[in-house]
Amino acid sequence: MSIQITAAFDSGNITVHDISGTSAELSIRKDKDSDFFQWFHFRVTCEIGDTLELNINGLKESAYPQGWPGYNACVSEDREYWGRADSSYDEDKGTLSIRYTAASNIVWFAYFAPYSIDRHHDLIAEMASVEGVTCRTLGHSLEGQPIDCIEMGEGDTQVWLYARQHPGESMAEWWMEGALEMLADAADPHARALLQKCRFHIVPNMNPDGSFRGHLRTNYAGTNLNREWHEPSAEKSPEVLCVRGAMDETGVDFAMDIHGDEAIPAVFIAGFEGIPSWTEEQGRKYNDYRDRLSARTPDFQTDLGYPIAGEGKANLSMSTNQIAERFGAVAMTLEMPFKDNRDLPDIDQGWSPERCRLLARECLATLVEVLG
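What comes next concerns the included structure.

### Let's talk about the overall build of the chain
A count of helical and extended segments in the chain gives eight helices and 17 strands. Dimensions of the chain along its principal axes, counting C-alpha atoms only, are 65 × 45 × 40 Å. Counting all 372 residues of the chain, 56% fall into the buried class. For the chain, long-range pairs separated by at least 24 residues make up 75% of all intrachain contacts whose partners lie at least 6 apart in sequence.

Structure (C-alpha cells):
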C-alpha cells in the first residue's frame, strides 16, 4: 500500500511527482509571481513502522542552495513537538533525501516548525485580554488579512519589534511568542522594568498572505517586503506601507526585525553600518547591545554573520537601514538558523521553537541592561 502526501492546508507547500510504496519524488512550489522557493510543509499518511524515503528534487535552483548541506528536515507526529529527521543533500543532483520511520500513521514534515495563522490569531486574542495591552490593526494585506500590532508600556522609549517579512522564516514568530509571553508576565522583573521605560509596538507577522500560502520570501504580489522600505506602495507592499506609516507617527528609538537564515548555522545580528547619517554614538549603542547579548547567552555569537556595508553603501530599501537612517534609531536584524546552532547543537531538534522563545527573553533582558 502506497503512502499519501498532501500540502492542501495553511502554509502547505509541496508538489508530488511520483509515489512508489513508501518512497516519493517531490519538488517545492515557487512563491506566487516569484522565482523564490525553499519553504516546504506537507503531510504523509502511512502505516506505523513504515520507513519513509522522501526525495525533494530541483534544489540547485532554490533561493539558497547553500542552505541544504548539513540540514535536517523538521518532523512532527502531533504538530506540537518538532524534531529532526535524518536528511542528506546530494549537491550534484540537487536533491534533499529525508528518511524517517513513522511511529504514527500521519507525519508532518516542514522546513522549520510552522507557525500557523490560527496560532497567530490565538496569540493576538490572548494578548488583547492582558491588562494594559492595546491591539491595533495598522492596515491590511493584499488579501485582506489584518496587520496586527500589539502595544504596551508607559515609557518614552519607542521600541518596535516586527517579524515575518519573509513568511517562510517561521522561527521569527516563535521568537515573538516568547517575547510577548515575557512582557505579559507581571511577575517578570525584566518585563516590569521595560514597560516602565518603553512603549512597545509589536508586529508578530508582517506577511500573513505569504505565511498562509506557504511562501518562502514574498507576499501575494510576489514582493520581497524587506526591499520596499524606501518607497512602499499600496499596490505591491501595503504591509510595509502601514507599518512604516505607524512608525512615522510614533518615532522609533530601538527596532529589531526578526528573521531566519537558511545557510548560516548560528544566531547573529546585522546592523546599519553604511547609512548616510551614521554617527559614532549610534554605532556605539548598537555595538553595546550586540556585545551584551553575546555575553548574556551562549546561543548568540558574533563570529558568523553578514558582510558589513561600506561607508554610504547601505541598502535603504531594507528595514533596518531605513529605520536607522529615517529615525536615528538603533536598529538591527536578528537572524536565527534553519539548521542548528553550530556552537550548541541539539541532535534531536536542532534550532527549535523552544529555543526561539528563550532567545526572545534574553534579547529583551539585554535591552533592560542597555537602557540602564
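What follows continues from the structure just given.
### Here we look at the sheet that holds strand 11 (residues 134–140)
What the seven strands build is an open sheet, ordered 11-12-14-13-15-17-16; its pairing is mixed. Of all the strands in the sheet, just strand 11 and strand 16 (268–270) have a single pairing partner and so form its edges. Taking the axes of each pair of neighbouring strands and ignoring which way they run, one obtains an average angle of 25° across the sheet. Pairing geometry for strand 12 (residues 146–152) and strand 14 (residues 198–203), over three bridges, is antiparallel. The partner of M152 across the bridge, within strand 14, is F200. The strands touched by helix 2 (residues 171–183) are strand 12, strand 13 (157–163), strand 14, strand 15 (254–261) and strand 17 (330–337); relative to strand 15, the strand with the most contacts, the crossing angle is about 140°. Strands in contact with helix 6 (residues 280–296) are strand 15, strand 16 and strand 17; relative to strand 17, the strand with the most contacts, it is inclined by about 30°.

### Some details on a negative patch on the surface
A surface patch of negative charge is lined by D118, D122, E126 and E181. Note on placement: E126 falls in helix 1 (residues 117–128).

### Focus on the environment of I106
Within the secondary structure, I106 is located in strand 10 (residues 106–110). Look at I106 and you get partly exposed, because its relative accessible area is 22%. Put simply, I106 and C242 are 136 residues apart on the chain and 40 Å apart in space, counted from C-alpha to C-alpha.

### A look at unusual backbone geometry
Even without being glycine, S11 reaches a positive phi, approximately 70°. Mapped onto the fold, S11 is located in the loop between strand 1 (4–6) and strand 2 (15–20).

### Here we look at the pairing of strand 10
The element strand 10 is extensively covered by neighbouring structure, given that four of its five residues are classed as buried. Bridging between strand 4 (residues 41–45) and strand 10 involves five bridges; their strand directions are antiparallel. Looking at strand 10, one finds that R43 is bridged to W108. Bridge count for strand 6 (residues 74–76) against strand 10 is three bridges, and the pairing is antiparallel. Each bridged residue has a counterpart across the sheet, and for V75 the counterpart in strand 10 is F109.

### Here we look at the packing of aromatic side chains
Going through the model one piece at a time under the given rule, you end up with 16 aromatic pairs. The side chain of K32 reaches across the aromatic face of Y220, ending 3.9 Å from its centre. Above the ring of F36, the side-chain terminus of R217 is found at 5.6 Å from the ring centroid.

### Description of helix 8 (residues 353–371)
Under the 1.5 Å per step criterion, the end-to-end length of helix 8 is 28 Å for 19 residues, consistent within 8% with the ideal 27 Å. Looking at helix 8, one finds that the buried residues are P353, R355, C356, L359, A360, C363, L364, A365, T366, L367 and V368.

### Overview of the pairing of strand 4
Where strand 1 and strand 4 come together, three bridges link them in antiparallel fashion. Pairing of T6 across the sheet is with R43, part of strand 4.

### So, the sheet that holds strand 6
Reading across from one edge, 1-4-10-6-7 is the order of the five strands in this open sheet, with antiparallel pairing throughout. At either end of the open sheet lies a strand with only one pairing partner, and these are strand 1 and strand 7 (83–84).

### Comments concerning the layout of surface pockets
Approximately 690 Å³ is the volume found for the largest pocket. Lining the largest pocket are 38 residues, and of these F268, A270, G271, Y306 and P307 lie nearest its centre. Here the lining of the largest pocket is composed, by residue class, of 15 nonpolar, 14 polar and nine charged. Here the second largest pocket defines a volume of roughly 350 Å³. Counting residues per element, the lining of the second largest pocket draws most heavily on helix 3 (residues 189–197), which supplies four residues.

Criteria and cut-off values
- Starting from 1, residues in each chain are numbered consecutively following that chain's sequence as written.
- Selection of residues for local features in this predicted model requires a pLDDT of at least 70, selection of side-chain atom pairs for listing and counting requires 80 or more, and totals for whole chains, interfaces and linings are taken over all residues.
- Hydrogens are left out, water is left out, and the side-chain values use all remaining heavy atoms of the structure.
- By definition, any uninterrupted DSSP run of H or I lasting at least four residues is a helix, any uninterrupted run of E lasting at least two residues is a strand, and each is numbered from the N terminus.
- Summary of the burial criterion: residues with accessible area below 20% of their type's maximum are buried, those above 50% are exposed, and those between are partly exposed, where the area comes from a 1.4 Å probe applied to protein chains only.
- Whether two residues touch is decided by their heavy atoms; if any such pair falls within 4.5 Å, the residues are in contact.
- A pair of strands counts as paired when DSSP detects no fewer than two bridges linking them.
- Axes here mean lines fitted to C-alpha atoms, for a helix over just the part in contact, with angles spanning 0 to 180 degrees between N-to-C directions.
- For patches, a residue must show more than 30% relative accessible area and have no salt bridge; joins then use 9 Å for like charges and 5 Å for nonpolar side chains, namely Val, Leu, Ile, Met, Phe, Trp and Tyr.
- Throughout, the Shrake-Rupley method with a 1.4 Å probe supplies accessible areas, and for residues the shown protein chains are the sole cover considered.
- The salt bridge criterion pairs a side-chain nitrogen of Lys or Arg with a carboxyl oxygen of Asp or Glu, the two atoms within 4 Å.
- Residues scored as positive are Lys and Arg, those scored as negative are Asp and Glu, and His as well as the terminal groups of each chain are ignored.
- Charged groups are reduced to one reference atom each: NZ for lysine, CZ for arginine, CG for aspartic acid, CD for glutamic acid.
- Each pair of aromatic rings taken from Phe, Tyr and Trp, with Trp reduced to its six-membered ring, is defined by centres within 6.5 Å and is described as stacked if the planes are under 30 degrees apart, edge-to-face if over 60, and tilted in the remaining cases.
- Any Lys NZ or Arg CZ that is within 6 Å of a ring centre and within 35 degrees of that ring's normal is treated as a charge sitting over the ring.
- One fewer than the residue count of a helix, multiplied by 1.5 Å, yields its expected span.
- Here a cavity denotes grid points, spaced 1 Å and computed from the protein atoms alone, that fit a 1.4 Å probe unable to get out, and a pocket denotes an open set having protein on both sides within 12 Å along at least 5 of 7 lines; residues with an atom within 4 Å of a point are the lining.
- Grid points are joined across faces, edges and corners, and a volume is the space filled by probe spheres set on the points.
- Three classes are used, and their members are as follows: Ala, Val, Leu, Ile, Met, Phe, Trp, Tyr, Cys and Pro are nonpolar, Asp, Glu, Lys and Arg are charged, and the others, Gly among them, are polar.

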